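One letter stands for each residue in the lines below.
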Amino acid sequence: MSRPLIGITAYVEPAGWAVWRDVPAALVPQAYVRAVTACGGRAVLLPPDDLDADVVGVLDGLLLAGGADVCPERYDQPPDPRTESRPDRDAGELALLTAALAADLPVLGVCRGMQLLAVAHGGALHQHLPDVIGHDRHRPAPGVYGAHPVRFAPGTLAGSVLAGVDRVNSYHHQAVADPGDLAVTGWADDGVVEALEDPRRRFLLGVQWHPENDPDPLPVAALVRAARAARG
């Protein structure tokens, strides 16, 4: 059987390679591709595009990657000066997500991706987490991952997929304030939301950390399994 096709949402950011500098490029960290491949999937990169979401028809699963902040206008808040949004990503990814949900395609949201899931389901975000919790352990410094304890609700998708996980990496300055229609099923030791899901669906899971960087990327493996099962 061929590998399930996992669409990974990509960025458009200035990049450099060889003699080229600050060239707008569609990209995603290789860690996402490596994790999907290691878990038995075939990665397909999806740059921002809000003209249509027809590509969902050939995918077996969708991974909403991390990156810049979701535009606060999407959840009816004025932007904080420290919020850095990418409206092109929001538009393209929300179109993909809407189509994926309509098709009951397995979906995994990572970091920004989990926050986008919350916003798409009527929720809202804390625009600068240190203002809420009083510390910066979730993003200690630019380019430096934090780490913290985590717990998951038993009897849930997160509790099943992440059984035995009690500590995760972390790199974010925003967080879910209101999950909308989704269920909160994971928390950091300071109460920050670490996992969201929709038990009414085949597979819809959001995680606030970056499992693509883990030696054993359990949420990615679960997405690939769900995609393979959905393919039948």
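Under the annotation held in an unreviewed UniProt entry, the protein carries the name Putative glutamine amidotransferase and is attributed to Micromonospora inositola.

## Considering helix α3 (residues 112-120)
Of all nine residues that make up α3, eight are buried, and the element is covered over most of its length. Here α3 has its buried residues at R112, G113, M114, Q115, L116, L117, A118 and V119. With its phi angle positive at about 90°, G122 sits one or two positions after the end of α3.

## Side note on the environment of P47
Tracing the chain through its elements places P47 in the loop between β4 (42-46) and β5 (61-64). The partly exposed category is assigned to P47, whose relative accessible area is 41%. Separated by 90 residues in sequence, P47 and R137 have C-alpha atoms that sit 31 Å apart. Contacts of P47, omitting those with residues within four sequence positions, involve A10 and A26.

## Comments concerning the layout of surface pockets
Of the pockets and cavities examined, the largest pocket occupies roughly 520 Å³. In this structure, the largest pocket is lined by 26 residues; those nearest its centre are G66, G67, A68, R139 and Y171. Those elements that place two or more of their residues in the lining of the largest pocket are β2 (11-17) and α3.

Calculation criteria
Within each chain, residue numbers correspond to sequence positions counted from 1 in written order. Where totals are concerned, whole chains, interfaces and linings use all residues; where local detail is concerned, this predicted model gives features only for residues with pLDDT of at least 70, and gives and counts side-chain atom pairs only at 80 or more. Excluded from the side-chain calculation are hydrogens and water; included are all heavy atoms of the structure. Partly exposed residues are those whose accessible area sits between 20% and 50% of the maximum for their type, while under 20% is buried and over 50% is exposed, using a 1.4 Å probe and protein chains only. By definition, any uninterrupted DSSP run of H or I lasting at least four residues is a helix, any uninterrupted run of E lasting at least two residues is a strand, and each is numbered from the N terminus. We call two residues in contact when some of their heavy atoms are within 4.5 Å. Cavities and pockets are found on a 1 Å grid laid over the protein atoms alone: a cavity is a set of points where a 1.4 Å probe fits but cannot escape, a pocket is an open set with protein on both sides within 12 Å along at least five of seven lines, and a lining residue has an atom within 4 Å of such a point. Grid points are joined across faces, edges and corners, and a volume is the space filled by probe spheres set on the points.

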